[in-house]
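# Working through the structure, step by step
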Amino acid sequence: MKSIDEIRAEIESFQVENAENLEQFRLQFLSKKSEIQALFGEIKNMAQESRKEFGQLVNDLRDLAQNHYNEFKATIEAASDRKTTLIPDITRPASRQTVGSMHPISIMMGEVRRIFEDIGFSAVEGPDIEDDWHVFTALNFAEEHPARDMQDTFFIELHPDVLLRTHTSSLQVRTMEKQQPPIRVICPGRVFRNEAITSRAHCIFHQVEGLYVAENVSFADMKQTLLYFAQRMFGDEVRIRLRPSYFPFTEPSAEMDVSCNICGGAGCNLCKHTGWVEILGCGMVDPNVLENCGIDSTKYSGFAFGLGIERMTMLKYRTNDIRLYFENDVRFLQQFKAATK
Ligand code: PHE
């Protein structure tokens, strides 16, 4: 029989590199048929006085084998984990992430919406493809009004009643048809006009229109609301100017200019040396429009306005060609990273 010392030396020099070695180790030193177990069996054959000391030595040997086994096992398990889990080199510099930017039109839409939502307007959206009633007739456009002309409106072929909306005023009609005053809505959306594409005009653009209908709404309420908007958008120093104008759906009507934010009113190319830039159309809702939508015009009055997002964006970001907004050239779009929230 091997001595305790021999077995200890074997345990200590045993190399375990894989699961097979580990199992060999277990069979040799820890199984019921192992040499260590055989030594335990010898105890009863020994002289009474030696039994305790011998038993202690065999016990220590068994503990030694068990400890080695546990260590080998842990090492092998860790190694097999490493093989299946890809551990990156954590000292490497991180790879560069390309962060996109919001489209300037989306940024401006969001800003305009925020300003009006802060003073109680809520946004409503609706269809790009509309009918004649919601875009023209309900809005008091006379039968022969030039805006209905093929020059301006994209009609759906074979369906003179179906068209691409030329303004989001159609949503104001839809809102008034569904809801009695007080009404305070803004209507953001894409609009379409059959126009030649130039640096200043496009056949698609974006609007935010607004409508406020309640009892005793006055022209002064409209002016104050629009001044508040202009100051939030362009800063407290901005001045506004209302010029008389005409829209079929408002009476009286006006166009609003803001003092040029590039030259501060002194005169430059953008404002064509006038010091003023037009940003929106507005007016008191024509009583005919209220009646067309089922609202009592003797009880209620209201104001409406509509602004072009591209125009505002060109003014705020000082770009001089509207086509840039529709070309999706990343070199242009990347310049709006700072404004992306
Ligand atoms: N709908 C007009 C346009 O598209 C703008 C407008 C809206 C004017 C509301 C007055 C009142 O040009």
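Residues numbered from 1 in each chain as written. Predicted model: local features only at pLDDT ≥ 70, side-chain atom pairs only at ≥ 80, totals over all residues. Heavy atoms only, no water.

## Describing the side chain of Glu209
If you trace the backbone, Glu209 turns up in strand S6 (residues 204-214). Arg193 provides the closest opposite charge to the buried, salt-bridge-free Glu209, at an N-O distance of 6.0 Å. Residues within four places of Glu209 in sequence aside, it is in contact with His167, Thr168, Ser169, Gln172, Val185, Ile186, Cys187, Phe305 and Gly306. (Helix = DSSP H or I, 4+ residues; strand = E, 2+ residues; numbered from the N terminus. Buried < 20%, exposed > 50% of the residue type's maximum accessible area, 1.4 Å probe, protein only. Lys, Arg positive; Asp, Glu negative; His and termini not counted. Salt bridge = Lys/Arg side-chain N within 4 Å of Asp/Glu carboxyl O. Contact = heavy atoms within 4.5 Å.)

## Looking at the site of the ligand
Near the ligand there are 13 residues, and of these His167, Ser169, Arg193, Gln207 and Glu209 occur at the shortest range. Here an oxygen atom of the ligand sits 2.9 Å away from a polar atom, N or O, in the side chain of Arg193. Between an oxygen atom of the ligand and a side-chain N or O atom of Gln207, the distance comes to 2.8 Å. Protein contacts shield 90% of the accessible area of the ligand, which totals 320 Å² for the unbound molecule. (Near = heavy atom within 4 Å. Polar contact = N/O pair within 3.5 Å; in protein donor to acceptor, adjacent residues only side chain to side chain. Areas by Shrake-Rupley, 256 points an atom, 1.4 Å probe, with all protein chains shown as cover.)

## Topic: the domain arrangement of the protein chain
As assigned here, the protein chain comprises domain 1 (4-86) and domain 2 (104-340). Taking only C-alpha atoms into account, the centre of domain 1 sits 86 Å from that of domain 2. (Domains from an automatic or database assignment.)

## Side note on helix H8 (residues 219-234)
Here H8 contains 16 residues, and its C-alpha end-to-end distance of 22 Å stays within 8% of the 22 Å for a straight helix at 1.5 Å per residue. Within H8, burial applies to Met222, Thr225, Leu226, Phe229, Ala230, Met233 and Phe234. All buried residues of H8 fall inside an arc of 140 degrees around its axis, so they share one side. Facing away from the buried side of H8, by more than 90 degrees, are the exposed residues Ala220 and Gln224. (Expected span 1.5 Å × (residues − 1). Arc of directions from axis to C-beta.)

## As for the sheet that holds strand S5 (residues 183-192)
With mixed pairing, 7 strands are arranged side by side in an open sheet as S1-S5-S6-S10-S9-S8-S7. Strand pairing shows two members of the sheet lacking a second neighbour, strand S1 (122-123) and strand S7 (240-247), which therefore form its edges. As paired strands, S1 and S5 are joined by 2 bridges and run parallel to one another. From the neighbouring strand, Ala123 faces S5, where its bridge partner is Ile186. Its contacts with the sheet place helix H10 (residues 309-317) against S6, strand S8 (250-259), strand S9 (276-285) and strand S10 (301-308), and it is angled at close to 60 degrees to S10. (Pairing = 2+ DSSP bridges. Axes fitted to C-alpha atoms, helices over the stretch in contact; angles between N-to-C directions.)

## Overview of the nonpolar core
One finds Val112, Phe229, Val258, Ile279, Phe305 and Met312 to be the most contacted residues of the largest nonpolar core, which totals 44 residues. For this core, the secondary structure elements donating two or more residues are helix H5 (104-118), S6, H8, S8, S9, S10, H10 and helix H12 (330-333). Residue contributions to this core peak at 7 residues, all from H5. (Core = buried A, V, L, I, M, F, W, Y, C linked by side-chain atoms within 4.5 Å.)

## A closer look at the packing of aromatic side chains
Under the counting rule described, the total for this entry stands at 17 aromatic pairs. Centre to centre, the rings of Phe25 and Phe29 are 4.9 Å apart; their planes meet at 50 degrees, and the pair counts as tilted. With Phe25 and Phe29 both in helix H2 (residues 19-29), this residue pair falls 4 residues apart, about one helical turn. Taking the relative accessible area as the measure of exposure, Phe25 reaches 0% and is therefore buried. With 5.0 Å between their ring centres and 70 degrees between their planes, Phe136 and Phe141 make a pair best called edge-to-face. The two residues Phe136 and Phe141 agree in class, both being buried. Each residue in the set Phe116, Phe121, Tyr212, Phe229, Phe303 and Phe305 is aromatic and connected to the rest through ring pairs, giving one cluster. (Phe/Tyr/Trp six-rings, centres within 6.5 Å; stacked < 30°, edge-to-face > 60°.)

## Considering the packing of H5 against H10
Two numbers describe how H5 lies on H10: the axes approach to 10 Å, and their chain directions differ by 100 degrees. Compared by their axis directions, H5 and H10 come out roughly perpendicular. Between H5, through Pro104, Ile105, Ile107, Met108, Met109, Glu111 and Val112, and H10, the contact on the second element is made entirely by Ile309, Glu310, Met312, Thr313, Lys316 and Tyr317. By residue class, the composition of the contact of H5 with H10 is 9 nonpolar, 1 polar and 3 charged. (Parallel < 35°, antiparallel > 145°, perpendicular 65-115°, else oblique. Nonpolar A, V, L, I, M, F, W, Y, C, P; charged D, E, K, R; others polar.)

## What to know about H2
Taken residue by residue, H2 has Asn21, Leu22, Phe25 and Phe29 as its buried positions. Around the axis of H2, the buried residues are gathered within 100 degrees of arc, so they sit on the same side. Exposed side chains of H2 directed beyond 90 degrees from the buried face belong to Ala19 and Glu20. A distance of 3.2 Å separates the backbone nitrogen of Glu20 from a side-chain oxygen at the start of H2, and that oxygen is part of Asn18.

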